[in-house]
Amino acid sequence: KLPIIALLSSSWLHSLLLASSLHLLLLQPQSILALQNGPSLRQRLLHHGGKSYGPLILSDSPIVAELLAGIGYDHIVLDMEHSPSNLQSTQQMLQSMDAAAAFASKKTEAIVRLDAPHETPETMKKILDSMRLPGGILVPMVDNAEMAKRVVQATRYPRQQASNSSGGGGVRGCAVPFVRASGWGSLSNDEYLRQCKEDLLIMVQVETPQAVDAIPEIAKVEGIDLIFLGPFDLSCSIGKMGMFEDAEVKELISRAERAVLESGCLLGGFRTPGVSLEELFGARGYSLLCGAVDLGLLRDAARLDAQAGREAMKEDQ
């Protein structure tokens, strides 16, 4: 038996432990359901004037995802664009976030940022099949209304109607009775379709001056709930990466914010360095913000810890 046990990799052991914890949660479904009472994030933002704050995960770590999901954030963005995360590891992080229901005081919703728009239909299908709603998706590098339409189509089944429209079919393939999103078939088809219409927050990210110019048309695309701004991307797009005090950068970001708010679409984004959360949620009209990155939080805490150690050793000399 020992050689067989030795063959188990750490990832296999983690999967076994995670499966065990999820099995316990399935035996006590009230622990998850109790946290899901009340409107979803999408409903709170669209219909109740709510706000949402949370971090971005770049570490590709289910352990970090579970820990942060138990802290009390409104949402967590699981990143597939700038991280090592793939479809399998993203599903593991989604499972870990659900496992946090065992100790969390509130439900933290997962938002998955996909890799790139040209991969949207295939990746979107697999991510949505893995995600237990409520939750959200964020597609980067959307430059015009046609790209935004393809994003919405990738989230919908053929002939599926939107909750606020008589139209809107999609291209998503169907395996509803056999995927995690439906609880492996424990949800009825009608209930799962209702969740897709009402509880899936659909967001697109604009990152260039051309995309900023197209915001009014992007916002008109039925099914787009929120337009997301990345200040680093916008500054980089005009050759001034991270120069947030530069007049041209400030004007581009401000123009993008005004365009989204004037369109009637929800405004979201990453926190602009040097700008307070109070200003962004208040005067600048953001409904959803990502203010931290897990690796940044770890880096900053580690620097402080190392500094404290160095100072303590100096005092001891």
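The structure displayed is predicted, hence computed values, not measured ones.

Peer 1: Sorry, what's going on with the pairing of strand β8 (residues 288-293) here?
Peer 2: Along any regular strand the residues' side chains alternate between the sheet's two faces. One ladder, built from four bridges, connects strand β1 (residues 52-57) with β8; its direction is parallel. Of the residues in β8, the one forming a bridge with Gly54 is Cys290. When strand β7 (residues 266-270) meets β8, the two strands line up parallel, connected through three bridges. Looking at β8, one finds that Gly269 is bridged to Leu289.

Peer 1: What's the story with empty space enclosed by the protein in this structure? I'm lost.
Peer 2: To find the voids left in a structure, one rolls a probe of water-molecule size over its atoms. On inspection of all chains with the given rule, the structure shows two cavities of 30 Å³ or more. Taken as a whole, the second largest cavity encloses approximately 70 Å³ of empty space. Around the second largest cavity, the lining residues are Leu94, Met97, Asp98, Lys107, Thr108, Glu109, Ala110, Met131, Arg132, Pro134, Gly135 and Arg180. Residue assignment for the lining of the second largest cavity shows that the elements contributing at least two residues are α6 (87-99) and β3 (109-113). Here the lining of the second largest cavity is composed, by residue class, of five nonpolar, two polar and five charged.

Peer 1: Any chance you could explain the side chain of Ser235 here in plain terms?
Peer 2: Looking at the secondary structure, you find Ser235 in helix α12 (residues 231-237). Residue Ser235 is classed as buried on the basis of its relative accessible area, which comes to 0%. Setting aside chain neighbours within four positions, we find Ser235 in contact with Lys240, Met241, Gly242, Phe244 and Val249.

Peer 1: Would you mind showing me how to read the environment of Glu217 here?
Peer 2: Structurally, Glu217 is set in helix α11 (residues 215-219). Spatially, the C-alpha atoms of Glu217 and Asn144 are 7.3 Å apart, while their sequence positions differ by 73 residues.

Peer 1: I would appreciate a short explanation of the sheet that holds β1 in the present structure.
Peer 2: Two orientations exist for strands paired in a sheet by backbone hydrogen bonds: parallel and antiparallel. Around the barrel, eight strands lie side by side as β1-β2-β3-β4-β5-β6-β7-β8; this closed barrel has parallel pairing. With strand direction ignored, the average angle separating the axes of adjacent strands in the sheet is 25°. In the sheet, β3 pairs with strand β4 (residues 135-139) via three bridges, with the strands oriented parallel. Counterpart to Val112 in the pairing with β4 is Ile137. Most of the contacts of helix α5 (residues 62-69) go to β1, to which it runs at about 165°, and overall it touches β1 and β2 (75-79). The sheet contacts of helix α8 (residues 145-155) involve β4 and β5 (200-206), and relative to β5 the element is tilted by about 155°.

Peer 1: Would you explain helix α13 (residues 247-263) in this entry?
Peer 2: Three or four residues apart is the spacing at which side chains of an α-helix point the same way, because the helix has 3.6 residues per turn. Here α13 is 17 residues long and its end C-alpha atoms lie 24 Å apart, about the 24 Å a rise of 1.5 Å per residue gives. Among all positions of α13, only Val249, Leu252, Ile253, Ala256, Glu257, Ala259 and Val260 are buried. Mapping the buried residues of α13 onto a view down its axis gives an arc of 160°, with all of them on the same face. Exposed and oriented more than 90 degrees from the buried face of α13 are Ala247 and Glu262. In this fold, the buried residues of α13 make contact with α10 (209-213), α11, β6 (226-229), α12, β7 and α14 (277-281). Among the residues trailing α13, Gly264 stands out with phi positive, at a value near 90°.

Peer 1: What should I look at first to understand α6 in this one?
Peer 2: With 13 residues, α6 should cover 18 Å at 1.5 Å per step; its first-to-last C-alpha distance of 18 Å lies within 8% of that length. Among the residues of α6, Ser89, Thr90, Gln92, Met93, Leu94, Gln95, Ser96, Met97, Asp98 and Ala99 are the ones counted as buried. The N-cap of α6, judged by a side-chain oxygen 3.1 Å from the amide nitrogen of Gln88 a few residues on, is Asn86.

Peer 1: Got a minute to help me understand the side chain of Ser130 in this structure?
Peer 2: With respect to the helices and strands, the residue Ser130 is situated in helix α7 (residues 120-130). Side-chain polar atoms of Ser130 contact the side chain of Gln91, separated by 2.8 Å. Residue contacts for Ser130: discarding those within four places in its chain leaves Gln91, Leu94, Arg180 and Ala181.

Peer 1: Explanation requested: the packing of α6 against α7 in the structure shown.
Peer 2: If you want to describe how two helices pack, look at the angle between their axes and the distance between the axes. It is at 10 Å that the axes of α6 and α7 come closest, and there the two elements cross at 25°. Classed by the angle they form, the pair α6 and α7 counts as roughly parallel. Like other packed secondary-structure pairs, α6 and α7 cross with a definite hand, here right-handed. Between α6, through Leu87, Thr90, Gln91 and Leu94, and α7, the contact on the second element is made entirely by Thr123, Lys126, Ile127 and Ser130.

Peer 1: Whenever I open this one, the pattern of salt bridges confuses me. Can you help?
Peer 2: Close approach of charged atoms allows side chains of opposite charge to pair. Using the criterion set out here, one finds 21 salt bridges in the structure. In this structure, the salt-bridge partner of Lys106 is Asp74, at a minimum N-O distance of 2.6 Å. Remark: Asp74 occurs in the loop between α5 and β2 and Lys106 occurs in the loop between α6 and β3; sequence separation between them is 32 residues. Judged by its relative accessible area of 17%, Asp74 is buried. Taken together, the shared-partner salt bridges in this structure form one network comprising Glu191, Arg194, Glu198 and Asp199.

Conventions we followed
- Residues numbered from 1 in each chain as written.
- Predicted model: local features only at pLDDT ≥ 70, side-chain atom pairs only at ≥ 80, totals over all residues.
- Heavy atoms only, no water.
- Pairing = 2+ DSSP bridges.
- Helix = DSSP H or I, 4+ residues; strand = E, 2+ residues; numbered from the N terminus.
- 1 Å grid on protein atoms, 1.4 Å probe; cavity = no way out; pocket = protein on both sides within 12 Å on 5 of 7 lines; lining within 4 Å.
- Points joined across faces, edges and corners; volume = space filled by probe spheres on them.
- Nonpolar A, V, L, I, M, F, W, Y, C, P; charged D, E, K, R; others polar.
- Buried < 20%, exposed > 50% of the residue type's maximum accessible area, 1.4 Å probe, protein only.
- Contact = heavy atoms within 4.5 Å.
- Axes fitted to C-alpha atoms, helices over the stretch in contact; angles between N-to-C directions.
- Expected span 1.5 Å × (residues − 1).
- Arc of directions from axis to C-beta.
- Polar contact = N/O pair within 3.5 Å; in protein donor to acceptor, adjacent residues only side chain to side chain.
- Parallel < 35°, antiparallel > 145°, perpendicular 65-115°, else oblique.
- Left-handed = near helix turned anticlockwise from the far one by under 90°.
- Salt bridge = Lys/Arg side-chain N within 4 Å of Asp/Glu carboxyl O.

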